[in-house]
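What follows is each chain in one-letter form.
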Amino acid sequence: MMNSYRLHYAPDNASLVIRLVLEELGQPYECVLVDRKAKAQTSAEYRALNPNGLIPVLETPDGPVFETAAILLWLSERHSALAPPPSSPDRAAFLKWLLFASNTLHADLRMLFYPKKYIGPDADQQAQLQHVLRQRLHQHLTHLDQAAAARPSWFAAVHPSVLDYYLACQIRWMALYPAQADRSWFTLAHYPSLHRLCATLESRAAVAVACEAEGLGPTPFTQPSYANPSEGSAT
């Protein structure tokens, strides 16, 4: 690799979180498009990097890393930035919310976006699942908003964290996807601390670079629009 990192990405996918963090860290990296329309993520070449066939993968000097939260933790520890260090008394609180964002919030989002994968082809059952998931997501966001209101150093504070970027991207996706579904259940203004977090991030140089690269527009979190990238597609 010419750079220390090679990010396998698709526009406005979970790889966006990693791109934002790499930019915030000021780390050089190479991007490799994963063509979702051609289902490149299911190819033998890609599965050699991530056997689950999911985006993203970050190739590092220590080998390929997949799973968004794992990459975020690895980067924050590698560069001693964007998260409390392992010795910090804030580490436990940071970890519980980062893993909540990954294991609970993001997992529920995937089921909301792809119900057929989890419950089968029956449209009524899919609709029922999505109804329950929207209720769950509202509860998750309420808990996160309450945690962000306290403005700990690692969450919605003056300096961004990997958790901030992870949540901002998921908030973006809630407002946009599934594209043909009723998304009126979600209003960012109902969660004022999360709204403040998103608005603050939009002034970061890292966000401007990512928006230009993936065609996300000037307000990717507070007033998101569908990606219009120069290459690849979000779905």
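Calculation notes
Residues numbered from 1 in each chain as written. Predicted model: local features only at pLDDT ≥ 70, side-chain atom pairs only at ≥ 80, totals over all residues. Heavy atoms only, no water. Helix = DSSP H or I, 4+ residues; strand = E, 2+ residues; numbered from the N terminus. Rg over C-alpha atoms; globule rule 2.2 N^0.38 Å. Buried < 20%, exposed > 50% of the residue type's maximum accessible area, 1.4 Å probe, protein only. Contact = heavy atoms within 4.5 Å. Core = buried A, V, L, I, M, F, W, Y, C linked by side-chain atoms within 4.5 Å. UniProt positions renumbered as here; feature names shortened; annotations may be inferred. Salt bridge = Lys/Arg side-chain N within 4 Å of Asp/Glu carboxyl O. Phe/Tyr/Trp six-rings, centres within 6.5 Å; stacked < 30°, edge-to-face > 60°. Arc of directions from axis to C-beta.

Some details on the overall build of the protein chain
Link 1 in the chain: Within the protein chain, the secondary structure is distributed over 9 helices and 4 strands.
Link 2 in the chain: Its C-alpha atoms give the protein chain a radius of gyration of 17 Å, near enough to 18 Å, the size a compact globule of 235 residues would have.
Link 3 in the chain: Dimensions along the principal axes, computed over C-alpha positions, put the protein chain at roughly 50 × 45 × 30 Å.
Link 4 in the chain: Looking at the protein chain residue by residue over its 235 residues, the buried ones come to 51%.
Link 5 in the chain: Pairs at least 24 residues apart make up 63% of the contacts formed inside the protein chain by residues separated by at least 6 positions.

Overview of the nonpolar core
Link 1 in the chain: The biggest cluster of nonpolar side chains holds 67 residues, and the ones touching the most others in it are L75, F155, L163 and L194.
Link 2 in the chain: The element that contributes the greatest number of residues to this core is helix α7 (residues 162-176), accounting for 11 residues.
Link 3 in the chain: Of all hydrophobic cores here, the second largest spans 6 residues; its members include A10, Y46, L49 and V57.

A closer look at the environment of L98
Link 1 in the chain: Within the element layout of this structure, L98 appears in helix α4 (residues 91-113).
Link 2 in the chain: Under the relative-accessibility criterion, L98 is labelled buried at 0%.
Link 3 in the chain: Linking L98 and F155, residues 57 residues apart in sequence, is a C-alpha distance of 9.9 Å.

Comments concerning the UniProt feature "domain: GST C-terminal" (unreviewed entry) in the protein chain
Link 1 in the chain: Taking the UniProt record as the reference, the feature "domain: GST C-terminal" (unreviewed entry) is found at residues 87-221.
Link 2 in the chain: Annotated as 67% helix and 0% strand, the span residues 87-221 places its first and last C-alpha atoms 32 Å apart.

Details of the side chain of S161
Link 1 in the chain: Mapped onto the elements, S161 comes out in the loop between α6 (123-149) and α7.
Link 2 in the chain: Among residues more than four places away in sequence, those in contact with S161 are L82, W154 and F155.

What to know about unusual backbone geometry
Link 1 in the chain: The step from I55 to P56 runs through a cis peptide bond, and the omega angle for that step is 15°.
Link 2 in the chain: Among the secondary structure elements, P56 is positioned in the loop between α2 (44-47) and β3 (57-60).
Link 3 in the chain: With an omega dihedral of -10°, the bond running from Y177 to P178 counts as a cis peptide bond.
Link 4 in the chain: Relative to the elements of secondary structure, P178 occurs in the loop between α7 and α8 (192-201).
Link 5 in the chain: Located in the positive-phi region is D12, a residue other than glycine, with phi close to 55°.
Link 6 in the chain: If you trace the backbone, D12 turns up in the loop between β1 (5-9) and α1 (15-25).
Link 7 in the chain: Residue D12 is classed as buried on the basis of its relative accessible area of 4%.
Link 8 in the chain: The phi dihedral of L82 falls on the positive side, at around 65°, and the residue is not glycine.

Examining the pattern of salt bridges
Link 1 in the chain: The full count for this structure, using the stated rule, is 8 salt bridges.
Link 2 in the chain: In this structure, the salt-bridge partner of D62 is R78, at a minimum N-O distance of 2.9 Å. With D62 in the loop between β3 and β4 (63-66) and R78 in helix α3 (residues 68-79), this residue pair connects regions lying 16 residues apart in the sequence.
Link 3 in the chain: Through salt bridges with shared partners, a single network forms among R6, E30 and E59.

With respect to the packing of aromatic side chains
Link 1 in the chain: Counted under the stated rule, the structure contains 9 aromatic pairs.
Link 2 in the chain: Ring geometry for F94 against W154: centres 6.3 Å apart, planes inclined by 75°, an arrangement best described as edge-to-face. Of this pair, F94 sits in helix α4 while W154 is found in the loop between α6 and α7, placing the two residues 60 residues apart along the sequence.
Link 3 in the chain: Ring centres 6.3 Å apart and planes at 20° place the aromatic pair F186 and Y191 in the stacked group.
Link 4 in the chain: Judged by relative accessible area, which is 2%, Y191 ranks as buried.

Considerations on α8
Link 1 in the chain: For α8, the full list of buried residues reads S193, L194, L197, C198 and L201. Each buried residue of α8 lies within a common arc of 140° when the element is viewed along its axis, so the set occupies one face.
Link 2 in the chain: Where α8 is buried, its residues meet α6, α7 and α9 (205-214).

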